[in-house]
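Given next are the chains, with one letter for each unit.
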Amino acid sequence: CPQDPMDFEWSYWIEWGREHILWLLTGHLLVSQVSRLLMEKYKPWCLMIYGMAACWLLLGIKGFAVILLHATISFAVAQFQLSLLTWLCSLILLSTLRIPAVEEAKRKWYDTENEYYLLLFTVSVRCLFCTSFSLEYCWHGPAQKSSHSFLWMLAYVFYYPTFHNGPLMNFDEFSKQMRRKEAFSVKTNLVILIVGIIRIFFWWCLAELMIHLMYIHALYSSVPPLEAASYWALGGLALAQVLFFYVKYLVLYGVPALLLQMDGLKPPALPCCVSLMHSFTKMWRSFDVGLHRFLVRYIYVPMGGSQSSLLGTLFSTALTFAFVSYWHGGESYLWYWGALNWLGVIVENGIKRILSISFIQDLI
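Residues numbered from 1 in each chain as written. Predicted model: local features only at pLDDT ≥ 70, side-chain atom pairs only at ≥ 80, totals over all residues. Heavy atoms only, no water.

- Under an unreviewed UniProt entry, the name given to the protein chain is HHAT palmitoyltransferase, and the source organism is Chordeiles acutipennis.
- What UniProt states about the protein chain under its Subcellular location (unreviewed entry) heading is, verbatim, "Endoplasmic reticulum membrane".
- In UniProt, the protein chain has this text filed under Sequence similarities (unreviewed entry): "Belongs to the membrane-bound acyltransferase family. HHAT subfamily." (UniProt positions renumbered as here; feature names shortened; annotations may be inferred.)

Pasting the structure below:
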(Lines give C-alpha, C1' and ligand atoms only; values in the text may rest on other atoms or scores of the structure.)
Protein backbone atom coordinates (compact mmCIF):
# COMPACT_ATOMS: atom_id res chain seq x y z
CA CYS A 1 0.00 0.00 0.00
CA PRO A 2 1.20 3.58 -0.62
CA GLN A 3 2.82 5.45 2.25
CA ASP A 4 1.47 8.49 4.08
CA PRO A 5 3.14 11.38 2.19
CA MET A 6 2.41 14.04 4.82
CA ASP A 7 5.41 13.47 7.14
CA PHE A 8 7.92 15.68 5.32
CA GLU A 9 10.83 15.04 7.71
CA TRP A 10 10.84 11.24 7.36
CA SER A 11 10.41 11.26 3.57
CA TYR A 12 13.05 13.97 3.21
CA TRP A 13 15.84 12.30 5.23
CA ILE A 14 15.13 8.79 3.91
CA GLU A 15 15.41 10.10 0.33
CA TRP A 16 18.68 11.93 1.06
CA GLY A 17 19.96 8.95 3.01
CA ARG A 18 19.39 6.49 0.19
CA GLU A 19 20.84 8.75 -2.49
CA HIS A 20 23.85 10.33 -0.79
CA ILE A 21 24.16 10.55 2.98
CA LEU A 22 24.40 6.81 3.81
CA TRP A 23 27.22 6.44 1.26
CA LEU A 24 29.06 9.43 2.70
CA LEU A 25 28.61 8.05 6.22
CA THR A 26 30.07 4.73 5.02
CA GLY A 27 33.05 6.69 3.68
CA HIS A 28 33.43 8.41 7.07
CA LEU A 29 33.38 5.00 8.77
CA LEU A 30 36.19 3.69 6.53
CA VAL A 31 38.34 6.82 7.04
CA SER A 32 37.73 6.67 10.80
CA GLN A 33 38.65 3.00 11.19
CA VAL A 34 41.76 3.27 9.02
CA SER A 35 42.96 6.38 10.89
CA ARG A 36 42.28 4.72 14.29
CA LEU A 37 44.25 1.67 13.18
CA LEU A 38 47.22 3.39 11.50
CA MET A 39 47.46 6.98 12.77
CA GLU A 40 45.37 7.57 15.90
CA LYS A 41 47.16 10.87 16.58
CA TYR A 42 45.85 12.41 13.34
CA LYS A 43 42.31 10.98 13.49
CA PRO A 44 40.56 14.34 14.25
CA TRP A 45 42.23 16.00 11.26
CA CYS A 46 41.51 13.08 8.89
CA LEU A 47 37.84 13.20 9.87
CA MET A 48 37.83 17.01 9.55
CA ILE A 49 39.16 16.86 5.98
CA TYR A 50 36.65 14.13 5.10
CA GLY A 51 33.76 16.15 6.59
CA MET A 52 34.79 19.23 4.60
CA ALA A 53 34.98 17.18 1.39
CA ALA A 54 31.53 15.62 2.05
CA CYS A 55 30.07 19.09 2.75
CA TRP A 56 31.56 20.45 -0.50
CA LEU A 57 30.21 17.47 -2.45
CA LEU A 58 26.63 17.74 -1.15
CA LEU A 59 26.19 21.48 -0.62
CA GLY A 60 28.55 22.80 -3.30
CA ILE A 61 31.31 25.37 -2.85
CA LYS A 62 28.82 28.12 -1.90
CA GLY A 63 27.16 26.03 0.81
CA PHE A 64 30.58 25.01 2.12
CA ALA A 65 31.65 28.68 2.13
CA VAL A 66 28.55 29.69 4.16
CA ILE A 67 29.31 27.15 6.90
CA LEU A 68 33.01 28.07 6.92
CA LEU A 69 32.07 31.76 7.12
CA HIS A 70 29.76 31.11 10.10
CA ALA A 71 32.55 29.23 11.89
CA THR A 72 35.12 31.96 11.14
CA ILE A 73 32.84 34.78 12.36
CA SER A 74 31.96 32.84 15.54
CA PHE A 75 35.64 32.16 16.25
CA ALA A 76 36.59 35.80 15.66
CA VAL A 77 33.88 37.06 18.03
CA ALA A 78 34.88 34.44 20.66
CA GLN A 79 38.33 36.10 20.86
CA PHE A 80 36.74 38.88 22.95
CA GLN A 81 35.83 36.19 25.54
CA LEU A 82 32.45 37.77 26.29
CA SER A 83 29.60 35.25 26.55
CA LEU A 84 26.95 37.90 25.86
CA LEU A 85 28.73 39.00 22.67
CA THR A 86 29.07 35.37 21.57
CA TRP A 87 25.34 34.80 22.07
CA LEU A 88 24.51 37.99 20.18
CA CYS A 89 26.69 36.82 17.27
CA SER A 90 25.01 33.38 17.28
CA LEU A 91 21.50 34.87 17.24
CA ILE A 92 22.41 37.25 14.41
CA LEU A 93 23.88 34.38 12.34
CA LEU A 94 20.75 32.31 13.04
CA SER A 95 18.51 35.22 12.04
CA THR A 96 20.22 35.42 8.59
CA LEU A 97 18.48 32.11 7.76
CA ARG A 98 15.13 33.94 7.90
CA ILE A 99 15.92 37.04 5.81
CA PRO A 100 13.80 36.72 2.60
CA ALA A 101 16.46 38.27 0.31
CA VAL A 102 19.15 35.92 1.66
CA GLU A 103 16.80 32.94 1.33
CA GLU A 104 16.10 33.78 -2.33
CA ALA A 105 19.80 34.19 -3.10
CA LYS A 106 20.59 30.78 -1.57
CA ARG A 107 17.72 29.10 -3.43
CA LYS A 108 19.28 30.20 -6.73
CA TRP A 109 22.43 28.23 -5.91
CA TYR A 110 20.56 24.93 -6.29
CA ASP A 111 18.42 23.19 -8.90
CA THR A 112 15.88 21.80 -6.43
CA GLU A 113 14.12 22.97 -3.28
CA ASN A 114 15.35 19.86 -1.43
CA GLU A 115 18.99 20.90 -1.92
CA TYR A 116 18.26 24.35 -0.49
CA TYR A 117 16.51 22.78 2.52
CA LEU A 118 19.55 20.57 3.13
CA LEU A 119 21.68 23.72 3.40
CA LEU A 120 19.08 25.36 5.68
CA PHE A 121 18.89 22.38 8.06
CA THR A 122 22.66 21.92 8.08
CA VAL A 123 23.45 25.58 8.81
CA SER A 124 20.85 25.77 11.62
CA VAL A 125 22.42 22.73 13.33
CA ARG A 126 25.96 24.09 12.70
CA CYS A 127 24.91 27.33 14.48
CA LEU A 128 24.48 25.33 17.70
CA PHE A 129 27.89 23.70 17.25
CA CYS A 130 29.55 27.10 16.64
CA THR A 131 27.81 28.49 19.74
CA SER A 132 29.00 25.56 21.88
CA PHE A 133 32.62 25.95 20.76
CA SER A 134 32.61 29.74 21.17
CA LEU A 135 31.17 29.66 24.69
CA GLU A 136 33.64 26.98 25.78
CA TYR A 137 36.41 29.20 24.35
CA CYS A 138 35.12 32.14 26.42
CA TRP A 139 35.05 30.07 29.62
CA HIS A 140 38.51 28.48 29.40
CA GLY A 141 41.76 30.10 30.47
CA PRO A 142 44.87 30.78 28.32
CA ALA A 143 46.45 27.46 29.37
CA GLN A 144 43.68 25.54 27.59
CA LYS A 145 43.59 27.57 24.38
CA SER A 146 45.59 24.95 22.44
CA SER A 147 42.64 22.57 22.67
CA HIS A 148 40.33 25.41 21.56
CA SER A 149 42.16 26.42 18.38
CA PHE A 150 40.44 27.24 15.09
CA LEU A 151 41.58 23.84 13.78
CA TRP A 152 39.71 22.11 16.63
CA MET A 153 36.67 24.23 15.85
CA LEU A 154 36.72 23.03 12.24
CA ALA A 155 37.17 19.40 13.38
CA TYR A 156 34.08 19.83 15.57
CA VAL A 157 31.91 21.78 13.12
CA PHE A 158 32.70 19.51 10.13
CA TYR A 159 32.42 16.21 12.01
CA TYR A 160 30.24 14.39 9.49
CA PRO A 161 28.00 11.93 11.45
CA THR A 162 26.30 14.84 13.26
CA PHE A 163 26.61 17.27 10.35
CA HIS A 164 23.14 17.57 8.79
CA ASN A 165 20.66 16.75 11.56
CA GLY A 166 22.54 16.12 14.81
CA PRO A 167 22.38 14.75 17.46
CA LEU A 168 24.04 17.62 19.29
CA MET A 169 27.24 16.98 21.23
CA ASN A 170 28.78 19.83 23.23
CA PHE A 171 32.36 20.77 22.36
CA ASP A 172 33.78 19.99 25.81
CA GLU A 173 32.54 16.37 25.53
CA PHE A 174 33.63 16.05 21.89
CA SER A 175 37.19 17.34 22.40
CA LYS A 176 37.85 15.28 25.56
CA GLN A 177 36.68 12.08 23.93
CA MET A 178 38.35 12.75 20.57
CA ARG A 179 41.73 13.35 22.27
CA ARG A 180 41.40 10.31 24.54
CA LYS A 181 43.71 7.43 23.67
CA GLU A 182 42.16 4.00 23.99
CA ALA A 183 42.81 0.47 22.75
CA PHE A 184 41.40 -0.23 19.29
CA SER A 185 39.95 -3.65 18.48
CA VAL A 186 38.68 -4.40 14.97
CA LYS A 187 36.73 -7.40 16.28
CA THR A 188 34.95 -5.39 19.01
CA ASN A 189 34.09 -2.60 16.60
CA LEU A 190 32.75 -5.10 14.07
CA VAL A 191 30.41 -6.60 16.69
CA ILE A 192 29.20 -3.09 17.68
CA LEU A 193 28.60 -2.28 13.99
CA ILE A 194 26.64 -5.48 13.20
CA VAL A 195 24.44 -5.26 16.33
CA GLY A 196 23.85 -1.53 15.68
CA ILE A 197 22.85 -2.11 12.05
CA ILE A 198 20.37 -4.85 13.06
CA ARG A 199 18.75 -2.57 15.67
CA ILE A 200 18.50 0.40 13.28
CA PHE A 201 17.07 -1.85 10.53
CA PHE A 202 14.38 -3.06 12.94
CA TRP A 203 13.45 0.53 13.90
CA TRP A 204 13.40 1.57 10.23
CA CYS A 205 11.07 -1.34 9.34
CA LEU A 206 8.77 -0.39 12.22
CA ALA A 207 8.68 3.27 11.10
CA GLU A 208 7.95 2.22 7.51
CA LEU A 209 5.10 -0.04 8.68
CA MET A 210 3.61 2.84 10.69
CA ILE A 211 3.82 5.30 7.82
CA HIS A 212 2.39 2.80 5.29
CA LEU A 213 -0.48 1.50 7.45
CA MET A 214 -1.52 4.17 9.96
CA TYR A 215 -1.79 7.44 7.94
CA ILE A 216 -1.52 9.50 11.15
CA HIS A 217 -0.23 12.66 9.46
CA ALA A 218 -2.76 12.48 6.60
CA LEU A 219 -5.57 12.36 9.18
CA TYR A 220 -4.10 15.38 11.01
CA SER A 221 -3.95 17.41 7.82
CA SER A 222 -7.67 16.91 7.13
CA VAL A 223 -10.23 18.74 9.31
CA PRO A 224 -13.45 16.64 8.73
CA PRO A 225 -12.10 13.35 10.23
CA LEU A 226 -10.80 15.25 13.28
CA GLU A 227 -14.14 16.99 13.80
CA ALA A 228 -16.00 13.69 13.53
CA ALA A 229 -13.67 11.80 15.90
CA SER A 230 -14.43 11.30 19.60
CA TYR A 231 -12.09 12.64 22.28
CA TRP A 232 -10.80 9.10 22.87
CA ALA A 233 -10.01 8.75 19.15
CA LEU A 234 -8.22 12.13 19.14
CA GLY A 235 -6.19 11.03 22.17
CA GLY A 236 -5.26 7.82 20.34
CA LEU A 237 -4.19 9.81 17.26
CA ALA A 238 -2.05 12.09 19.40
CA LEU A 239 -0.37 9.08 21.05
CA ALA A 240 0.18 7.43 17.65
CA GLN A 241 1.84 10.57 16.33
CA VAL A 242 4.29 10.94 19.22
CA LEU A 243 5.08 7.21 19.05
CA PHE A 244 5.92 7.55 15.36
CA PHE A 245 8.02 10.63 16.18
CA TYR A 246 9.91 8.53 18.75
CA VAL A 247 10.57 5.64 16.34
CA LYS A 248 11.59 8.10 13.60
CA TYR A 249 14.26 9.64 15.82
CA LEU A 250 15.54 6.23 16.88
CA VAL A 251 16.52 5.89 13.21
CA LEU A 252 17.60 9.50 12.50
CA TYR A 253 19.74 9.69 15.67
CA GLY A 254 20.57 5.97 15.79
CA VAL A 255 22.70 6.04 12.62
CA PRO A 256 25.02 8.90 13.73
CA ALA A 257 25.10 7.49 17.30
CA LEU A 258 26.41 4.19 15.92
CA LEU A 259 29.15 5.99 13.99
CA LEU A 260 30.09 7.99 17.09
CA GLN A 261 30.57 4.69 18.91
CA MET A 262 32.70 3.37 16.05
CA ASP A 263 34.86 6.52 16.35
CA GLY A 264 35.46 5.80 20.04
CA LEU A 265 33.07 8.53 21.26
CA LYS A 266 30.11 8.23 23.61
CA PRO A 267 26.98 9.52 21.84
CA PRO A 268 24.09 11.19 23.68
CA ALA A 269 21.53 8.59 24.76
CA LEU A 270 18.86 7.82 22.18
CA PRO A 271 15.30 9.08 22.85
CA CYS A 272 13.43 7.43 25.69
CA CYS A 273 10.09 5.83 24.77
CA VAL A 274 7.33 8.43 25.09
CA SER A 275 4.94 5.81 26.51
CA LEU A 276 7.15 5.64 29.63
CA MET A 277 6.96 9.40 30.23
CA HIS A 278 4.38 11.21 32.31
CA SER A 279 5.96 14.64 32.71
CA PHE A 280 7.16 17.56 30.59
CA THR A 281 10.42 17.68 32.55
CA LYS A 282 11.30 14.05 31.83
CA MET A 283 10.36 14.47 28.17
CA TRP A 284 12.82 17.36 27.77
CA ARG A 285 15.56 15.56 29.69
CA SER A 286 15.37 12.21 27.94
CA PHE A 287 14.02 12.67 24.40
CA ASP A 288 16.70 14.81 22.74
CA VAL A 289 19.49 14.39 25.30
CA GLY A 290 22.08 16.33 23.28
CA LEU A 291 19.84 19.38 22.90
CA HIS A 292 18.89 19.21 26.60
CA ARG A 293 22.57 19.24 27.65
CA PHE A 294 23.21 22.21 25.35
CA LEU A 295 20.26 24.20 26.77
CA VAL A 296 21.17 23.45 30.39
CA ARG A 297 24.91 24.16 30.01
CA TYR A 298 24.72 27.31 27.90
CA ILE A 299 21.37 28.95 28.79
CA TYR A 300 19.62 27.56 31.88
CA VAL A 301 22.57 27.34 34.32
CA PRO A 302 24.32 30.61 33.25
CA MET A 303 21.01 32.46 33.72
CA GLY A 304 20.68 31.17 37.30
CA GLY A 305 18.63 28.00 36.83
CA SER A 306 17.12 26.27 39.84
CA GLN A 307 19.72 27.82 42.18
CA SER A 308 18.28 31.34 41.75
CA SER A 309 15.08 32.86 43.17
CA LEU A 310 11.62 31.79 41.99
CA LEU A 311 11.50 34.68 39.49
CA GLY A 312 15.03 33.86 38.35
CA THR A 313 14.05 30.21 37.73
CA LEU A 314 10.94 31.30 35.81
CA PHE A 315 13.03 33.67 33.68
CA SER A 316 15.86 31.22 32.91
CA THR A 317 13.32 28.51 31.98
CA ALA A 318 11.37 30.97 29.78
CA LEU A 319 14.57 32.07 28.05
CA THR A 320 15.49 28.43 27.38
CA PHE A 321 12.14 27.64 25.75
CA ALA A 322 12.20 30.94 23.83
CA PHE A 323 15.53 29.94 22.27
CA VAL A 324 14.21 26.47 21.39
CA SER A 325 11.17 28.00 19.66
CA TYR A 326 13.30 30.55 17.78
CA TRP A 327 15.88 27.94 16.70
CA HIS A 328 13.16 25.64 15.35
CA GLY A 329 11.93 28.42 13.04
CA GLY A 330 10.21 31.05 15.15
CA GLU A 331 6.75 30.61 13.57
CA SER A 332 3.74 31.53 15.73
CA TYR A 333 2.74 27.90 16.43
CA LEU A 334 6.27 27.23 17.74
CA TRP A 335 5.96 30.08 20.23
CA TYR A 336 2.66 28.58 21.45
CA TRP A 337 4.32 25.16 21.67
CA GLY A 338 7.27 26.60 23.63
CA ALA A 339 4.97 28.55 25.97
CA LEU A 340 2.83 25.48 26.71
CA ASN A 341 5.94 23.38 27.44
CA TRP A 342 7.30 26.13 29.69
CA LEU A 343 3.98 26.24 31.52
CA GLY A 344 3.99 22.46 31.92
CA VAL A 345 7.52 22.41 33.36
CA ILE A 346 6.74 25.34 35.72
CA VAL A 347 3.53 23.71 37.02
CA GLU A 348 5.33 20.39 37.61
CA ASN A 349 8.23 22.00 39.46
CA GLY A 350 5.81 24.17 41.47
CA ILE A 351 3.84 21.11 42.58
CA LYS A 352 7.07 19.32 43.51
CA ARG A 353 8.12 22.26 45.69
CA ILE A 354 4.70 22.31 47.39
CA LEU A 355 4.82 18.56 48.01
CA SER A 356 8.31 18.84 49.52
CA ILE A 357 6.99 21.05 52.38
CA SER A 358 6.99 18.94 55.57
CA PHE A 359 3.46 20.06 56.54
CA ILE A 360 2.05 18.87 53.19
CA GLN A 361 3.98 15.59 53.47
CA ASP A 362 2.49 15.02 56.93
CA LEU A 363 -1.03 15.62 55.52
CA ILE A 364 -0.38 13.11 52.72
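1. Thoughts on unusual backbone geometry
Okay, step 1: For the bond running from G166 to P167, omega is 5 degrees, close enough to zero to count as cis.
Okay, step 2: Although it is not a glycine, Q81 adopts a positive phi angle of roughly 55 degrees.
Okay, step 3: Mapped onto the fold, Q81 is located in the loop between α2 (43–78) and α3 (83–95).
Okay, step 4: Backbone geometry places Y215, a non-glycine residue, at a positive phi of 55 degrees.
Okay, step 5: With respect to the element layout, Y215 can be found in the loop between α8 (186–213) and α9 (216–220).
Okay, step 6: Looking at Y215, the relative accessible area reads 28%, which means it is partly exposed. (Helix = DSSP H or I, 4+ residues; strand = E, 2+ residues; numbered from the N terminus. Buried < 20%, exposed > 50% of the residue type's maximum accessible area, 1.4 Å probe, protein only.)

2. Observations regarding the environment of D4
Okay, step 1: With respect to the helices, strands and loops of the structure, D4 is situated in the segment before α1 (8–38).
Okay, step 2: In this structure, the C-alpha to C-alpha distance between D4 and S306, residues 302 residues apart in sequence, is 43 Å.
Okay, step 3: Ignoring sequence-local partners within four residues, the contact set of D4 consists of I211, Y215, I216, H217 and A218.
Okay, step 4: Reaching out from D4, the side chain makes a polar contact with the backbone nitrogen of I216 at a distance of 3.5 Å. (Contact = heavy atoms within 4.5 Å. Polar contact = N/O pair within 3.5 Å; in protein donor to acceptor, adjacent residues only side chain to side chain.)

3. Notes on the nonpolar core
Okay, step 1: Counting 90 residues, the largest nonpolar core has L59, I67, F158, Y160, F174, F294 and F323 as its most contacted members.
Okay, step 2: Each of domain 1 (8–179) and domain 2 (269–363) gives at least three residues to this core.
Okay, step 3: Setting aside residues up to four positions removed in sequence, F294 forms contacts with W87, L128, T131, S132, L168, N170, I299 and F323. (Core = buried A, V, L, I, M, F, W, Y, C linked by side-chain atoms within 4.5 Å. Domains from an automatic or database assignment.)

4. Here we look at the UniProt feature "transmembrane region" (unreviewed entry) in the protein chain
Okay, step 1: Under the feature "transmembrane region" (unreviewed entry), the UniProt entry names residues 20–38, 45–69, 75–95, 116–135, 150–169, 190–211, 231–252 and 310–328.
Okay, step 2: With 81% helix and 0% strand, residues 75–95 has its two end C-alpha atoms placed 18 Å apart.

5. Some details on the pattern of salt bridges
Okay, step 1: Tallied over the full model, the rule gives 8 salt bridges.
Okay, step 2: Here E173 and R293 are joined by a salt bridge, their closest N and O atoms 3.6 Å apart. Placement of the pair is E173 in helix α7 (residues 171–179) and R293 in helix α13 (residues 289–300), with a sequence separation of 120 residues.
Okay, step 3: Salt bridges sharing common partners tie together D7, E9 and K248. (Salt bridge = Lys/Arg side-chain N within 4 Å of Asp/Glu carboxyl O.)

6. Observations concerning helix α6 (residues 150–157)
Okay, step 1: Judged by how many residues are buried, α6 sits mostly within the fold: 6 of 8 residues are covered.
Okay, step 2: For α6, the full list of buried residues reads W152, M153, L154, A155, Y156 and V157.
Okay, step 3: Where the residues of α6 are buried, they touch α2, α5 (113–139) and α7.

7. Comments concerning the domain arrangement of the protein chain
Okay, step 1: Along its sequence, the protein chain is carved into domain 1 (8–179) and domain 2 (269–363).
Okay, step 2: Here the C-alpha centre of domain 2 lies 27 Å away from the C-alpha centre of domain 1.
Okay, step 3: Buried surface at the junction of domain 1 and domain 2, both sides included, amounts to about 1,400 Å², of which 64% is carbon and sulfur.
Okay, step 4: Looking only at domain 1, the three residues that lose the most surface to domain 2 are W87, R98 and L128, adding up to 36% of its buried area.
Okay, step 5: The tally of links between domain 1 and domain 2 comes to 3 salt bridges.
Okay, step 6: The partner of R297 in a salt bridge is E136, and the shortest N-O contact between them spans 2.6 Å.
Okay, step 7: For the interface between domain 1 and domain 2, the tally reads 8 residue pairs in polar contact (both at pLDDT 80 or more).
Okay, step 8: Among the elements that line the side of domain 1 that touches domain 2, the one with the most residues is α5, at 8 residues. (Buried area = accessible area lost by both parts, 1.4 Å probe.)

8. A word on a positive patch on the surface
Okay, step 1: A contiguous patch of positive charge on the surface is contributed by K41, K176, R179 and K181.
Okay, step 2: Looking at where R179 falls in the secondary structure, it is placed in helix α7. (Patch = residues over 30% accessible without salt bridge, like charges linked within 9 Å, V, L, I, M, F, W, Y side chains within 5 Å. Areas by Shrake-Rupley, 256 points an atom, 1.4 Å probe, with all protein chains shown as cover. Lys, Arg positive; Asp, Glu negative; His and termini not counted. Charge placed at Lys NZ, Arg CZ, Asp CG, Glu CD.)

9. Details of the side chain of T281
Okay, step 1: Locating T281 in the fold gives a position in helix α12 (residues 280–286).
Okay, step 2: There is a polar contact of 2.8 Å between the side chain of T281 and the side chain of E348.

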